[in-house]
Amino acid sequence: PHPLPPGAAEAMVARAMGEKRDSDVWAMDGSAQGLAEVLGLVTLTPHGGGQSEVSYWVAPAFWNTGFASEAVNAVVVANPHGSRTLFAEVFQDNPASARVLTNAGFQYLGDAECFSVARAATVPTWTYTRKMGLRDMSTNPVVIRTARLVLRPLEPGDAGWIAAGIADWDAMQWLTTPPWPYRIE
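Residues numbered from 1 in each chain as written. Predicted model: local features only at pLDDT ≥ 70, side-chain atom pairs only at ≥ 80, totals over all residues. Heavy atoms only, no water.

Trainee: Would you mind going over the overall build of the protein chain with me for this structure?
Mentor: Secondary structure assignment for the protein chain yields four helices and eight strands. Burial status across the protein chain gives 47% buried among its 185 residues. Taking as baseline every contact in the protein chain between residues at least 6 positions apart, the subset at least 24 positions apart corresponds to 69%. A total accessible area of about 9,000 Å² is found for the protein chain, and carbon and sulfur atoms account for 54% of it. (Helix = DSSP H or I, 4+ residues; strand = E, 2+ residues; numbered from the N terminus. Buried < 20%, exposed > 50% of the residue type's maximum accessible area, 1.4 Å probe, protein only. Contact = heavy atoms within 4.5 Å. Areas by Shrake-Rupley, 256 points an atom, 1.4 Å probe, with all protein chains shown as cover.)

Trainee: Honestly, helix α3 (residues 95-103) in this entry has me stumped. Any pointers?
Mentor: Residues separated by three or four positions in an α-helix point in the same direction, a consequence of the helix having 3.6 residues per turn. Of all the residues in α3, the buried ones are Ser97, Ala98, Val100 and Leu101. Mapping the buried residues of α3 onto a view down its axis gives an arc of 150°, with all of them on the same face. Buried residues in α3 make contact with β3 (51-58), α2 (67-78), β4 (85-91) and β6 (121-131). Immediately beyond the C-terminal end of α3, within one or two residues, lies Gly105, with a positive phi of roughly 90°. (Arc of directions from axis to C-beta.)

Trainee: How should I be thinking about the pairing of β3 in this particular structure?
Mentor: Side-chain direction in a regular strand flips from residue to residue, so the side chains alternate between the two faces of the sheet. Of all the eight residues making up β3, eight are buried; the element is thus mostly covered by neighbouring parts of the structure. Residues Gln51, Glu53, Ser55 and Trp57 of β3 are buried on one face, and the alternating residues Ser52, Val54, Tyr56 and Val58, pointing to the opposite face, are buried as well. Alignment of strand β2 (residues 40-48) against β3, held across eight bridges, turns out to be antiparallel. Among the inter-strand pairings, Leu41 is bridged to a residue of β3, identified as Trp57. (Pairing = 2+ DSSP bridges.)

Trainee: Would you mind going over the confidence of the model for the protein chain with me for this structure?
Mentor: Parts of the model with low pLDDT should not have their predicted coordinates read in detail. Scored by pLDDT, the protein chain comes out at a mean of 81, with 81% of its residues at no less than 70. Every residue in residues 167-185 scores below 50 in pLDDT, and together they form 55 contacts with partners more than four places removed in sequence or on other chains. (pLDDT = per-residue confidence, 0-100.)

Trainee: Sorry if this is basic, but what is going on with the packing of aromatic side chains here?
Mentor: Where two aromatic rings form a pair, the distance of their centres and the angle of their planes describe that pair. Applying the stated rule across the entire model yields two aromatic pairs. Measuring from centroid to centroid gives 6.2 Å for Phe62 and Phe67, while their planes differ by 75°, and the two rings are edge-to-face. Judged on exposure class, the residue Phe62 and its partner Phe67 are both buried. Centre to centre, the rings of Tyr108 and Tyr128 are 5.9 Å apart; their planes meet at 75°, and the pair counts as edge-to-face. Within this pair, whereas Tyr108 is found in strand β5 (residues 107-116), its partner Tyr128 is found in strand β6, the two being separated by 20 residues in sequence. Geometry around Phe91 places Arg119 over its ring, the cationic atom sitting 4.5 Å from the centre. (Phe/Tyr/Trp six-rings, centres within 6.5 Å; stacked < 30°, edge-to-face > 60°. Lys NZ or Arg CZ within 6 Å of the ring centre and 35° of its normal.)

Trainee: When you look at the sheet that holds strand β1 (residues 24-29) in this model, what are you seeing that I'm missing?
Mentor: Whenever strands of a sheet pair, they do so through backbone hydrogen bonds, lying parallel or antiparallel. Within the open sheet, the eight strands sit side by side as β5-β6-β4-β3-β2-β1-β8-β7. Their pairing is mixed. Of all the strands in the sheet, just β5 and β7 (144-145) have a single pairing partner and so form its edges. Pairing geometry for β7 and strand β8 (residues 150-153), over two bridges, is antiparallel. Directly across from Ile144, in β8, lies its bridge partner Leu151. Running at roughly 15° to β6, α3 makes contact with β3, β4 and β6 of the sheet. (Axes fitted to C-alpha atoms, helices over the stretch in contact; angles between N-to-C directions.)

Trainee: Looking at this structure, how should I read the nonpolar core?
Mentor: Ranked by size, the top nonpolar core spans 43 residues in total, and within it Met28, Leu41, Tyr56, Phe106, Leu151, Leu154 and Ile162 carry the most contacts. Elements with a minimum of two residues in this core: α1 (8-17), β1, β2, β3, α2, β4, α3 and α4 (158-165). Ranked by residues supplied to this core, first place goes to α2 with seven residues. (Core = buried A, V, L, I, M, F, W, Y, C linked by side-chain atoms within 4.5 Å.)

Dropping the structure here:
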């Protein structure tokens, strides 16, 4: 929800940095290019059975810049969880996010719905999947570099950037909870 309640960004960063975190979260750091330190976030959540979910958020000031595509593709290529299958879902009223996934090699799987915290309602989504090759699993979030970004684990100071970057409900889509587990044979 926008605006974020006091302490919400700090709590999210603390969870993402915790030893018992359930996801790996990377900040899209644009400071090397003279941009904001946190342009957005990419999250990879393991769901067992060699499956992980990719989610992402980009601050509205950086929409339509290619940063989401660049970051998602970098995480897919790195495959730090060694996943056999990646999943992602986007709201059906956000075709730009669907293009991010198809540009990263995801295939449309089907329609679903999930609860949106920002909208306080269940909304229709499109679900995408990508089959992956096998590789060794990383036990910690890795630093991933692209041409314009450094994807790095979150740090305590990132909370302020995150809170400042959230301008409306659309920016909060990464807080939705998809129906898991998906089964792909």
